[in-house]
Number of protein chains: 2
Amino acid sequence: MKIGQATIKDIAKALNVSSSTVSRALKDYPGISDETKKAVKELAKKMNYRPNAVALSLRKSKSNTIGVIIPEIVHFFFSTVISGIEEVAFKEGYNVILSQTNESYNREINSVNTLLASQVDGLLVSFTKETNDFEHFNDLLERNFPIVFFDRISEKINATSVIVNDFSGAYKATEHLIQQGDTKIVHLAGPSNLLISKKRLEGYLAALRDNGIPIDDQLIIECPKGTQEESYLTMLDFMRKRQDITGIFASNDLAASGAMKAAQELGKQVPSEIGIVGFSNWQFSSLINPPLSTVEQSGFKIGETAAKLLIDQINFMNEHPVYPFTEIMDATLLVRASSLKK
Amino acid sequence: MKIGQATIKDIAKALNVSSSTVSRALKDYPGISDETKKAVKELAKKMNYRPNAVALSLRKSKSNTIGVIIPEIVHFFFSTVISGIEEVAFKEGYNVILSQTNESYNREINSVNTLLASQVDGLLVSFTKETNDFEHFNDLLERNFPIVFFDRISEKINATSVIVNDFSGAYKATEHLIQQGDTKIVHLAGPSNLLISKKRLEGYLAALRDNGIPIDDQLIIECPKGTQEESYLTMLDFMRKRQDITGIFASNDLAASGAMKAAQELGKQVPSEIGIVGFSNWQFSSLINPPLSTVEQSGFKIGETAAKLLIDQINFMNEHPVYPFTEIMDATLLVRASSLKK
DNA sequence: TTAACCTATGCAATCGATTGCGGTTTCGAT
DNA sequence: ATCGAAACCGCAATCGATTGCATAGGTTAA
């Protein structure tokens, strides 16, 4: 193994006592003389003793490790989620084992198996886009294995989940544009098969309706790919035809930045002539010029919340049953320069 | 523990044989009748038996787990590195435990201890900006514990490392600016205790020297934090005093974008009046206006390489000693609009 | 017939730490 | 002097899997 880490036995041998005594001394159990305790602790320190977590896991049937399954690591949102998870896990004394699926269903199955074999105490999961069959999760849930899902959820799974309030985020963003005086607001929508796209579109529509603004179907433009390039080209074309546009709400920041580029290229001032709001608060959003207003879905908080819920479940599952619920995190509007007309 | 995972004992009991037999049958050891093997394997499958990795780790003194210590997870470069590490680890049957230090030295010490207690077989490390004392690593290295450093290295550590060719990257970037006609080139340097900062500075200096351009110490400005804000403020101030600046080479993209913002705010056209080149090719670099020229360092490859080297070391350290060396990955210049004057 | 041998399996120790259950001292009280 | 009770500490089992060694039973050759 390692570099001959000192074990309890080593201490015991050196001090001519039993390992039981060493174990108890280290944990300040009663029934060990102060003298012995002192000697043990001193030697432990000197030998740089570190309890072997593997042995502990085996003995206690608890690994103090949680597994995280995500589609991609290189993704601003997911990496912030991981960061939040890691923070909470660290504080609570848990290790985090990471497994990325690259959006592959088979890899997901594989990850679950590997993590289970590693005796993780629970799982934090955002499944792949391919995943339609949830047996591998439902099997575990039925056996009361702790799992918390985040960001991506399904009605086919009855488990604790953490997601963002897309509807309300989109509503706030649209309402903000309206308050800036906009009435002709384009919505750059995401792929219509994703639940989040639908929710964001609904939020946009509701805000218009509630403010008495007529809905113009032409202003709802789907950008299935969601790249900067795509929305840049789309909006370049569209804004040439429709000179009356005064606001854009994009369902993601990349699309928003593409639209911004198109507007600037057409000589439209942002924000004075066209206000723009994105969604997600990617890292680059604050770095572009003008800085992009956006809806923040704090991956960090999602990660924190999911991790806390999971660890709670792990700690208390023996005391009471678990009632699955869905935690809907508030999305907050982040107003920056790109939408401020006043 | 878990959900009552089936163990070897369960199989043994059900089949009325000893656990030794089950163990051997599962691994096709000789000396077990085909009949028994078949029965064992079938039951194992039916009971969904998965070998307990914790028990195996204890027995074999090998956890098949590697620890990754990084300053930040939410960082384009580091997240790509992690991704590369994870890919290789997965293929080789290793788990990855992640620990982020948030650039805190104490947290780094803590991470090392936690990971060691978890009996990881090796460590992949990029230390914090605060880290000046390397005892905690050198102790381990002396005891032949496998560690591979990446991105950030130090002469105080004699271990296998993977870095990008910062010197050559910086050289290329600076030379590119010179070719665009710049002679008054500011270098926004990183924290001077990081070797990468030094190397980049050296590359900058060498390119100037080789092209017969006098070195002006005033043009070398340290930005220890490396944030956009910092370089924005610094350059705003500096460019007011020095109107003759025509080019900026920043040791990272954030600093470059801050400088770009400052230049634009002062009414200087980028790139025509001031050419700017960054370093690292962060995701946002291609999205800002104008898109930022930068030096690309493939985090994914670095991660892959570091993980391979580490796993090699783990596998072969008993067969032959380890000779530390430094793998230098090539960095390529990515020319975008921000530096193209022609 | 019996020693020699092979096949198939079990025993028990091991990895490191924990813990229920006893077992020795030691000391004070009667 | 004797008894009882603290005060201290050790034995051994346990977690799950592996593995060197032993052994039961059967076969074969001399």
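Note that the structure is predicted; figures quoted are calculated from it, not measured. (Residues numbered from 1 in each chain as written. Chains lettered and ligands numbered in written order. Predicted model: local features only at pLDDT ≥ 70, side-chain atom pairs only at ≥ 80, totals over all residues. Heavy atoms only, no water.)

Peer 1: I tried to follow the overall build of chain A on my own but got confused; where do I start?
Peer 2: The helix and strand inventory of chain A stands at twelve helices and twelve strands. Scaling as 2.2 N^0.38, a compact globule of 342 residues should have a C-alpha radius of gyration of about 20 Å, whereas chain A reaches 27 Å, well beyond that. Within the span of chain A, comprising 342 residues, buried residues form 55% of the whole. Once local pairs closer than 6 in sequence are excluded, the contacts in chain A between residues at least 24 apart make up 73%. Accessible area of chain A: about 15,100 Å², with a carbon and sulfur share of 50%. (Helix = DSSP H or I, 4+ residues; strand = E, 2+ residues; numbered from the N terminus. Rg over C-alpha atoms; globule rule 2.2 N^0.38 Å. Buried < 20%, exposed > 50% of the residue type's maximum accessible area, 1.4 Å probe, protein only. Contact = heavy atoms within 4.5 Å. Areas by Shrake-Rupley, 256 points an atom, 1.4 Å probe, with all protein chains shown as cover.)

Peer 1: Before we go on, may I ask you to explain helix α12 (residues 299–316) of chain A in this structure?
Peer 2: Residues and elements named next belong to chain A. For α12, built from 18 residues, the straight-helix expectation of 26 Å at 1.5 Å per residue is met to within 8% by its first-to-last C-alpha distance of 25 Å. By the burial criterion, the buried members of α12 are Gly299, Ile302, Gly303, Glu304, Thr305, Ala306, Ala307, Leu309, Leu310, Ile311, Gln313 and Ile314. Residues of α12 that are buried make contact with β1 (65–70), α5 (76–91), β3 (122–125), β4 (147–150), β5 (161–164) and β11 (326–329). (Expected span 1.5 Å × (residues − 1).)

Peer 1: Sorry if this is basic, but what is going on with the pairing of strand β2 (residues 95–100) of chain A here?
Peer 2: Looking down a regular strand, the side chains alternate between one sheet face and the other. The element β2 of chain A is largely enclosed, with a buried count of six among its six residues. Side-chain alternation along β2 of chain A places Asn95, Ile97 and Ser99 of chain A on one buried face and Val96, Leu98 and Gln100 of chain A on a second face that is also buried. Handedness of the crossover is the feature at issue here: the chain leaves β1 of chain A, passes through α5 of chain A, returns alongside β2 of chain A, and the resulting connection is right-handed. By the bridge criterion, three bridges tie β2 of chain A to strand β2 (residues 95–100) of chain B in an arrangement that is antiparallel. The residue of β2 of chain B that forms the bridge with Ile97 of chain A is Ile97 of chain B. (Right-handed = clockwise from strand over helix to strand, strands pointing away. Pairing = 2+ DSSP bridges.)

Peer 1: Is there a simple way to think about a negative patch on the surface in this case?
Peer 2: Residues Asp133, Glu135, Asp139 and Glu142 of chain A make up a contiguous surface patch of negative charge. Along the chain, Glu142 of chain A falls in helix α7 (residues 135–142). (Patch = residues over 30% accessible without salt bridge, like charges linked within 9 Å, V, L, I, M, F, W, Y side chains within 5 Å. Salt bridge = Lys/Arg side-chain N within 4 Å of Asp/Glu carboxyl O. Lys, Arg positive; Asp, Glu negative; His and termini not counted. Charge placed at Lys NZ, Arg CZ, Asp CG, Glu CD.)

Peer 1: Hey, could you run me through the pattern of salt bridges in this one?
Peer 2: Where charged atoms from two side chains of opposite charge approach closely, those side chains can pair. The tally for this structure, following the rule as stated, stands at 28 salt bridges over all chains. Of the charged contacts, one joins Asp28 of chain A and Lys37 of chain A as a salt bridge, the two residues approaching to 3.7 Å between their closest N and O atoms. Taking relative accessible area as the criterion, Lys37 of chain A reaches 13% and is therefore assigned buried. Among the salt bridges present, the one from Glu86 of chain B reaches Arg107 of chain A, with a minimum N-O distance of 3.1 Å. Linking Glu86 of chain B in helix α5 (residues 76–91) with Arg107 of chain A in helix α6 (residues 105–117), this pair reaches from one chain into another. Accessibility expressed as a relative area gives 11% for Arg107 of chain A, which makes it buried. Residues joined by salt bridges that share partners form a network here, namely Asp28, Lys37 and Lys41 of chain A.

Peer 1: Sorry if this is basic, but what is going on with the packing of helix α8 (residues 166–179) of chain A against helix α9 (residues 195–210) of chain A here?
Peer 2: Residues and elements named next belong to chain A. The contact between α8 and α9 brings their axes to 7 Å, and the two run at 40°. In terms of orientation, α8 and α9 fall into the oblique class. Crossing angle aside, the handedness with which α8 passes α9 is right-handed. Where α8 approaches α9, its residues Asp166, Phe167, Ala170, Tyr171, Thr174, Glu175 and Ile178 are matched on the opposing element by Ile196, Lys199, Arg200, Glu202, Gly203, Tyr204, Ala206, Ala207, Leu208 and Asp210. (Axes fitted to C-alpha atoms, helices over the stretch in contact; angles between N-to-C directions. Parallel < 35°, antiparallel > 145°, perpendicular 65-115°, else oblique. Left-handed = near helix turned anticlockwise from the far one by under 90°.)

Peer 1: Help me out: how do you make sense of the protein's contact with DNA strand D in this one?
Peer 2: Close contacts around DNA strand D come from 28 residues, with Thr21 and Arg24 of chain A together with Ile8, Ser23 and Arg59 of chain B the closest. Counting only the atoms of DNA strand D within 4 Å of the protein, the fraction contributed by sugar and phosphate is 58%. One nitrogen or oxygen atom from the main chain of Ser33 of chain A is found 2.9 Å from a phosphate oxygen belonging to DNA strand D. A distance of 2.9 Å separates a phosphate oxygen of DNA strand D from a polar side-chain atom of Tyr29 of chain B. Only α2 (19–26) and α4 (53–60) of chain A together with α1 (8–15), α2 (19–26) and α4 (53–60) of chain B provide two or more residues apiece to the surface near DNA strand D. (Near = heavy atom within 4 Å. Polar contact = N/O pair within 3.5 Å; in protein donor to acceptor, adjacent residues only side chain to side chain.)

Peer 1: Looking at this structure, how should I read the relation of the copies chain B and chain A?
Peer 2: Two copies of one chain are present, and they are related through a rotation about an axis combined with an axial shift. The transformation that overlays chain B on chain A combines an axial shift of 1.0 Å with a rotation of 179°, and the residual RMSD is 2.2 Å. Within this description, the copies of the chain are treated as partners about a two-fold rotation axis. Among all C-alpha atoms of chain B, that of Ile97 of chain B lies closest to the rotation axis, at 2.0 Å. Most of the interface of chain B is mirrored in chain A, where 98% of its interface residues again form contacts. (Least-squares fit on C-alpha atoms with pLDDT ≥ 70 in both.)

Peer 1: Honestly, the domain arrangement of chain A in this entry has me stumped. Any pointers?
Peer 2: For chain A, the assigned domains read domain 1 (8–51), domain 2 (63–164 + 300–329) and domain 3 (166–297 + 333–339). Computed from C-alpha atoms alone, the centre-to-centre distance between domain 1 of chain A and domain 3 of chain A is 65 Å. (Domains from an automatic or database assignment.)

Peer 1: Even after reading the chapter, I still don't get the environment of Gly247 of chain A, so can you show me in this structure?
Peer 2: Residue and element names in this part refer to chain A. With respect to the helices and strands, the residue Gly247 is situated in strand β8 (residues 247–250). Along the primary structure Gly247 and Ile185 are separated by 62 residues, whereas in three dimensions their C-alpha atoms are 4.5 Å apart. Residues within four places of Gly247 in sequence aside, it is in contact with Asp182, Lys184, Ile185, Val186, Ile274 and Gly275.

Peer 1: What's the story with the sheet that holds strand β9 (residues 275–277) of chain B in this structure? I'm lost.
Peer 2: Each strand in a sheet pairs with its neighbour through backbone hydrogen bonds, running either in the same direction (parallel) or in the opposite one (antiparallel). All names here are of chain B. Taken together, the four strands give an open sheet; going across it, the order is β7-β6-β8-β9, and neighbouring strands pair in parallel fashion. Of all the strands in the sheet, just β7 (220–222) and β9 have a single pairing partner and so form its edges. Between one strand axis and the next, the sheet turns through 15° on average, direction left out of account. Where strand β8 (residues 247–250) and β9 come together, three bridges link them in parallel fashion. When the bridges of β9 are listed, Ile248 appears paired with Ile276. Helix-sheet contacts for helix α9 (residues 195–210) involve β6 (185–189), β7 and β8, and the interaxial angle to β6 is about 165°.

Peer 1: Any chance you could explain the sheet that holds β3 of chain A here in plain terms?
Peer 2: The twelve strands are arranged β11(A)-β5(A)-β4(A)-β3(A)-β1(A)-β2(A)-β2(B)-β1(B)-β3(B)-β4(B)-β5(B)-β11(B) in an open sheet whose pairing can be described as mixed. Unpaired on one side and paired on the other, β11 of chain A together with β11 (326–329) of chain B mark the two borders of the sheet. Adjacent strand axes in the sheet meet at a mean angle of 20°, parallel and antiparallel pairs treated alike. The sheet contacts of α12 of chain A involve β1, β3, β4, β5 and β11 of chain A, and relative to β4 of chain A the element is tilted by about 165°.

Peer 1: Just checking my understanding: could you explain the interface of chain B and chain A for this structure?
Peer 2: Often, the extent of an interface is quoted as the loss of accessible area upon association of its parts. Residue-level contacts link 55 residues of chain B with 54 residues of chain A. Of the roughly 5,300 Å² buried between chain B and chain A on both sides combined, carbon and sulfur atoms contribute 58%. Counting the contacts that link chain B with chain A gives four salt bridges. In this structure, Arg107 of chain B engages Glu87 of chain A in a salt bridge whose closest nitrogen and oxygen atoms are separated by 3.5 Å. (Buried area = accessible area lost by both parts, 1.4 Å probe.)

Peer 1: What should I look at first to understand the protein's contact with DNA strand C in this one?
Peer 2: Around DNA strand C, 27 residues are found, and the nearest of them are Ile8 and Arg59 of chain A together with Ser20, Thr21 and Arg24 of chain B. Near-protein atoms of DNA strand C (within 4 Å) split between backbone and bases, with sugar and phosphate holding 54%. Separating a phosphate oxygen of DNA strand C from a side-chain N or O atom of Thr21 of chain B is a distance of 2.4 Å. Arg59 of chain B places a polar main-chain atom, nitrogen or oxygen, 3.3 Å from a base oxygen of DNA strand C. Within the residue set of the surface near DNA strand C, elements represented by two or more residues are α1 (8–15), α2 and α4 of chain A together with α2 and α4 of chain B.

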